[in-house]
Amino acid sequence: MTTSTTMAYRLRPRWVERTRCLTEDRPGDLTRLRRVLAAARSSEVLVLDGTSRVDKLATALLARTRRGPEVLVVDCSWKLGPGLPVALATRAGVRAMAGPRTTFVALTREGRDQFHRVHRVDGDRVVNVPWHHGLTPDDVAAGTSGSAGSAGGEGVAHSESSEGGADGEREIRHDGPVFSGGRTARDYRPLLGCAADLPAGTEVVIATIPGGLPADVPVPANVHVRTEVDPAAFRRDLRRACVVVVALEHRDDCAPGIMVLLDAMALGKLTVVTDTLGVREHVEQGVTGFVVPAGDVVALGETLRWCLDPAHAAEVAAVRQAARATARSAYSPEGHVQALLQQVDRALERARARRGQSSRAVPNTSS
């Protein structure tokens, strides 16, 4: 096997056929590191997970060796803050990983360009492979049926991360709360600031972590905050939400929230997202969702009131349908795997070209 990976795309036959997964059994950190370094001795290409501290350490170690495989680090959305120590640590980490055989894979075009500028990594060593929604093939093939909702709706689908259970557990409806969730680079201030002024009876659910909300902003009576780690509840709220708010910080160093954004769109959710790095690559304003300025309480409130107004049910249904179609076609898991395998093929070409140059550089003295 010429390509080893810690990216376990179990449901994607092409990926499984082309790669050897090192983490199928979810090993501990030390075992994971040992496996990656051992695989480096027999692989031409390693595809590693940029969200894993172990994989980043392995990349830095391999970057210091004279010989070794090409390494693709998938998802280099690393924050430069808050604070100078975090920024310095991130920059030092990138410098340590940025060896002559390392390629960083950004999930957005803007993220790719920004990574190149901020970290001064050679342009041909930073590539863009778009991320994907999280629905399974069965979810995508599932039929739809009508579903009543305060802002229109078009049916039933299933989330990839569902773990079975009753049909009611997996049903997609659009008559639930305004839902916002996530913990990385989130800013819930604007949503908290406008929640009390939403139409009477509107429930807002925020799923975050302890300390994820600003301590100096009151929580309105119609906002329910869930801070326990409960993936099943997160999926359930996402599936029944009437509107999904992806409440992001404005950042120019990374592109957070793409996974939740694409999942919501693929489920046919009416999605409102903060304008930050990479967002407008995925959302066409007023066509597949709505983009609002970061930190703007008034703009978010106006957008949510429009979304929740029954008079706009037809327009809302059209936006939902367009979002669903776009996410499922342009950001499918199959498309992501195909684009990533194209980068693997290029890395294989580089590895073999380097090996050929090395063999030519050694004189034949056998005679």
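This text gives an overview of the structure that appears in the document. Numbers given for residues are sequential positions, taken from 1 along each chain in its written order. Thresholds applied to this predicted model are a pLDDT of at least 70 for local features of residues and 80 or more for the giving and counting of side-chain atom pairs; totals over whole chains, interfaces and linings are not thresholded and use all residues. Computation of side-chain values covers all heavy atoms of the structure but excludes hydrogens and water.

1. Remarks on the environment of Gly278
Next up, step 1: Turning to its location among the elements, Gly278 is positioned in the loop between strand 11 (270-274) and strand 12 (290-292).
Next up, step 2: The buried category is assigned to Gly278, whose relative accessible area is 0%.
Next up, step 3: Sequence-wise, Gly278 and Thr108 are 170 residues apart; in three dimensions their C-alpha atoms are separated by 5.6 Å.
Next up, step 4: Throughout, a residue-residue contact means that at least one pair of heavy atoms, one from each residue, lies within 4.5 Å. Other than its neighbours up to four places away in sequence, Gly278 contacts Thr108 and Glu110. Numbering of helices and strands starts at the N terminus; helices are DSSP runs of H or I of at least 4 residues and strands are runs of E of at least 2. When a residue's accessible area, from a 1.4 Å probe over protein chains only, is under 20% of the maximum for its type it is buried; when over 50% it is exposed; and in between it is partly exposed.

2. Observations concerning the packing of aromatic side chains
Next up, step 1: Only the six-membered ring of Trp is used, alongside the rings of Phe and Tyr, when aromatic pairs are assigned; centres must lie within 6.5 Å, and planes under 30 degrees apart are stacked while those over 60 apart are edge-to-face, with the rest tilted. Summed over all chains, the structure comprises six aromatic pairs.
Next up, step 2: Geometrically, the ring pair formed by Trp78 and Phe115 is edge-to-face, given 6.0 Å between the ring centres and 65° between the ring planes. Here Phe115 lies in helix 5 (residues 109-119) and Trp78 lies in the loop between strand 4 (70-74) and helix 4 (84-97), a separation of 37 residues in the sequence.
Next up, step 3: Trp78 gets classed as buried once you look at its relative accessible area, which sits at 10%.
Next up, step 4: Judged by relative accessible area, which is 4%, Phe115 ranks as buried.
Next up, step 5: Through pairs of rings, three or more aromatic residues link up here, namely Trp78, Phe104 and Phe115.

3. Here's the deal with the packing of helix 10 (residues 258-266) against helix 12 (residues 313-330)
Next up, step 1: Angles run from 0 to 180 degrees between N-to-C directions of axes, and those axes are lines fitted to C-alpha atoms, restricted for helices to the stretch in contact. Direction vectors running N to C along helix 10 and helix 12 enclose 120°, while the axes themselves pass 7 Å from each other. Classified by the angle their axes make, helix 10 and helix 12 are oblique. Note on element contacts: helix 12 touches helix 10 through Ala323, Arg324, Ala327 and Arg328, opposite Leu262, Met265 and Ala266.
Next up, step 2: Of the residues belonging to the contact of helix 10 with helix 12, the class tally is five nonpolar, no polar and two charged. Each angle gets one of four labels, with under 35 degrees taken as roughly parallel, over 145 as roughly antiparallel, 65 to 115 as roughly perpendicular, and the rest as oblique. Three residue categories are used. Nonpolar comprises Ala, Val, Leu, Ile, Met, Phe, Trp, Tyr, Cys and Pro, charged comprises Asp, Glu, Lys and Arg, and polar comprises the others, including Gly.

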